[in-house]
Amino acid sequence: MSQTLRALRALGDATRLRLLALLEKEELSVHELQEITHLGQSRISTHLAQLQEAGLVRCRREGRRAYYRLVHGAGTDRDSLVKAALAGVRELPEAEHDAVNLRRVLQLRQDQRQLYFNQVAGRFDRVYGPGRSWQALGQLLLRILPPLVVADLGSGEGLVSELLARRCRKVIAVDNSERIVAYGAARARRIGLKNLEFRLGDLQDPPIADASVDLVLLSQALHHAEDPPRAVRSAWRILKPGGQVWILDLRQHQFEQARELYGDRWLGFSEADLQRWLEETGFREVEVSVVAREETPPHFETVLAGGTKPVAGRKRPTGAA
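Owing to the predicted nature of the structure, the values given are computational and were not obtained by experimental measurement.

S.K.: Can you break down the overall build of the protein chain residue by residue, with the values?
M.R.: Check the secondary structure of the protein chain and you find 13 helices and ten strands. Each of the 321 residues in the protein chain was classed as buried or not, and the buried ones make up 44%. Nonlocal contacts in the protein chain, meaning residues at least 24 apart in sequence, comprise 66% of its contacts between residues at least 6 apart. Carbon and sulfur atoms provide 51% of the accessible area of the protein chain, an area that totals close to 17800 Å².

S.K.: Could you give an account of the sheet that holds strand β3 (residues 65–70), with specific residues and numbers?
M.R.: Judged by pairing direction, the sheet is antiparallel, and its three strands sit side by side in the order β1-β3-β2 without closing on themselves. On the outer flanks of this sheet lie β1 (28–29) and β2 (57–62), each paired with one strand and no other. As paired strands, β2 and β3 are joined by six bridges and run antiparallel to one another. Each bridged residue has a counterpart across the sheet, and for C59 the counterpart in β3 is Y68. With respect to the sheet, helix α2 (residues 14–25) is in contact with β1, β2 and β3, its orientation differing from that of β3 by roughly 90°.

S.K.: Tell me what's going on with the environment of L148, and back it up with residues and numbers.
M.R.: Along the chain, L148 turns up in the loop between α8 (134–143) and β4 (149–153). Considered as a pair, L148 and V171 are 23 residues apart in the sequence and their alpha carbons are 8.2 Å apart. Here L148 is in contact with C168, R169, K170, D214 and L215, once residues within four sequence places are set aside.

S.K.: Describe the pairing of strand β10 (residues 301–308), naming the residues involved and giving the relevant values.
M.R.: Burial within β10 is extensive, with six of its eight residues counted as buried. Where strand β8 (residues 239–250) meets β10, seven bridges bridge the pair, whose relative direction is antiparallel. Within β10, the position partnered with V245 by the bridge is G307. Alignment of strand β9 (residues 284–293) against β10, held across seven bridges, turns out to be antiparallel. Bridge pairing in β10 places R284 opposite T308.

S.K.: Go over unusual backbone geometry with me, naming the residues and quoting the values.
M.R.: What is expected of a backbone is that most residues other than glycine have negative phi and most peptide bonds are trans. With omega at 5°, the peptide bond leading from P297 into P298 counts as cis. One can find P298 in the loop between β9 and β10. Positive phi is not limited to glycine here, since A211 has a value of about 50°. Here A211 shows up in the loop between β6 (196–200) and β7 (213–219). For A211, a relative accessible area of 38% puts it in the partly exposed group.

S.K.: Would you mind going over the side chain of N101 in detail, with residue names and values included?
M.R.: On the secondary structure map, N101 appears in helix α6 (residues 95–110). Taking the relative accessible area as the measure of exposure, N101 reaches 2% and is therefore buried. Here the side chain of N101 touches A272 through a polar contact of 3.4 Å, landing on its backbone nitrogen.

The rules we used
- Residues numbered from 1 in each chain as written.
- Predicted model: local features only at pLDDT ≥ 70, side-chain atom pairs only at ≥ 80, totals over all residues.
- Heavy atoms only, no water.
- Helix = DSSP H or I, 4+ residues; strand = E, 2+ residues; numbered from the N terminus.
- Buried < 20%, exposed > 50% of the residue type's maximum accessible area, 1.4 Å probe, protein only.
- Contact = heavy atoms within 4.5 Å.
- Areas by Shrake-Rupley, 256 points an atom, 1.4 Å probe, with all protein chains shown as cover.
- Pairing = 2+ DSSP bridges.
- Axes fitted to C-alpha atoms, helices over the stretch in contact; angles between N-to-C directions.
- Polar contact = N/O pair within 3.5 Å; in protein donor to acceptor, adjacent residues only side chain to side chain.

No statement about biological role is implied by the geometric values presented.
What follows is the structure in structure tokens.
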């Protein structure tokens, strides 16, 4: 079979076209392609082998890891075929998520701080040491926080808010339950936290002045919002230039019982959704990564997503809350 016919056969599959479109933009490993497409490793490897056989993809090894890239200049006929095929990739339903996830994966690749944290986290519980625990480490990190003004949106009874208030200049805890707000406010008075204020309101439109806080937290709250992107835009509204938003939430899952058991409106979020909402709102230095996975069914995974509101230059997007 001629190389042209092999190329035609290789280009006749939507999954291979997705992979080829990604490899046109960047050299990627199988693991990175998994992160982007959420396809299985064996499936990706099979498709890459077919693309290699057709002469459309090359492989470069670096240590034990292999990186793949689209072959440019493979021949006039094949180049024309590839160009025509890739022009139609944007019509695939997965194309938008692939593009967003590609940006996210490339950011994670470059983020040496994230790599270092993952290495430390992997070693932390490996060897027992007296007095060494995540609880103790959390207390240490709380004490070295700068004196920020923090908005904890969807705070519930305020456990996180209470911890932060012991260090931050001021913490504003927002929840839509009158009972919870009353409980949290009473407890704050009882334990003497004068810098912890509870406010009744919706995390999608929090009762907080524009550009008045340094940090916005949405900790396991966004999946209760009717309109999650609106909540992200509201975080932008109340943040000072240079301030940060951090979202801790469930990764997208299929545990339908969560709606009834926990009152969840959304069954988590994909990394691509969180990345896109933050970027479209105007946040820079966006980071999205999976930071935890439960060992028991239904194996909930936790995603951490964050970004910084630019100090100057970029205007608020149209439609921002």
